[in-house]
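In case you want the letters, here they are:
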Amino acid sequence: MAAKNNALNKPVTLTPALEGVIGKGPMTRAQVTSKIWEYIKKHDLQAADDRRMIDADDTLAAVIGKERISMFKMTAAVSKHLS
């Protein structure tokens, strides 16, 4: 099991754009990832033709910078909104 003081469990500050998607921070990186996926599933943003692709709505596009992004690249795009 991971140590409690690892990077995933350290609270981070969120940009206003990211807070618009997942709510007010600070929260841990693990919570951010979980909340992003909650948002994606709630708004049915996974592409029907390839579930690995995310078709962002306007709110999520403000964070990831693209209309469509791979779920693997999305984490890197979201990390730019954490400090």
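Keep in mind that what you see is a predicted model, and the values were worked out from it rather than measured.

Student: Looking at this structure, I do not really get the overall build of the protein. What am I missing?
Tutor: Summing up its helical and strand segments, the protein has four helices and four strands in all. For the protein, the N- to C-terminal ordering of α and β elements is β-α-β-α-β-α-β-α. With the C-alpha coordinates aligned to their principal axes, the bounding extent of the protein is approximately 40 × 30 × 20 Å. For the protein, the residues scored as buried account for 34% of the 83 residues in total. Considering only intrachain contacts with a sequence separation of at least 6, the fraction spanning at least 24 residues in the protein is 27%. Averaging the coordinates of the 13 positive side-chain charges in the protein and doing the same for the 9 negative ones gives two points 10 Å apart.

Student: Just checking my understanding: could you explain the pattern of salt bridges for this structure?
Tutor: Pairing of side chains with opposite charge becomes possible as their charged atoms draw close. Under the defined criterion, the tally for this structure stands at four salt bridges. Residue Asp50 is joined to Arg52 by a salt bridge in which the shortest nitrogen-to-oxygen separation is 3.1 Å. Residue classification places Arg52 among the partly exposed positions, given a relative accessible area of 47%. When salt bridges that share partners are traced, they join Asp49, Asp55 and Arg68 into one network.

Student: Help me understand the nonpolar core in this model?
Tutor: Generally speaking, a soluble globular protein has its nonpolar side chains buried in company with each other. In this structure, Leu18, Val32, Ile36, Leu60 and Ile64 are the most contacted members of the largest nonpolar core, which totals 21 residues. Where this core is concerned, the elements lending two or more residues are helix H1 (16-22), helix H2 (29-42), helix H3 (58-64) and helix H4 (71-79). With four residues, the top contributor of residues to this core is H2. When near neighbours in sequence (up to four residues on either side) are disregarded, Leu60 contacts Val21, Ile36, Tyr39, Ile40, Leu45 and Ile54.

Rules used in this analysis
Residues numbered from 1 in each chain as written. Predicted model: local features only at pLDDT ≥ 70, side-chain atom pairs only at ≥ 80, totals over all residues. Heavy atoms only, no water. Helix = DSSP H or I, 4+ residues; strand = E, 2+ residues; numbered from the N terminus. Buried < 20%, exposed > 50% of the residue type's maximum accessible area, 1.4 Å probe, protein only. Contact = heavy atoms within 4.5 Å. Lys, Arg positive; Asp, Glu negative; His and termini not counted. Charge placed at Lys NZ, Arg CZ, Asp CG, Glu CD. Salt bridge = Lys/Arg side-chain N within 4 Å of Asp/Glu carboxyl O. Core = buried A, V, L, I, M, F, W, Y, C linked by side-chain atoms within 4.5 Å.

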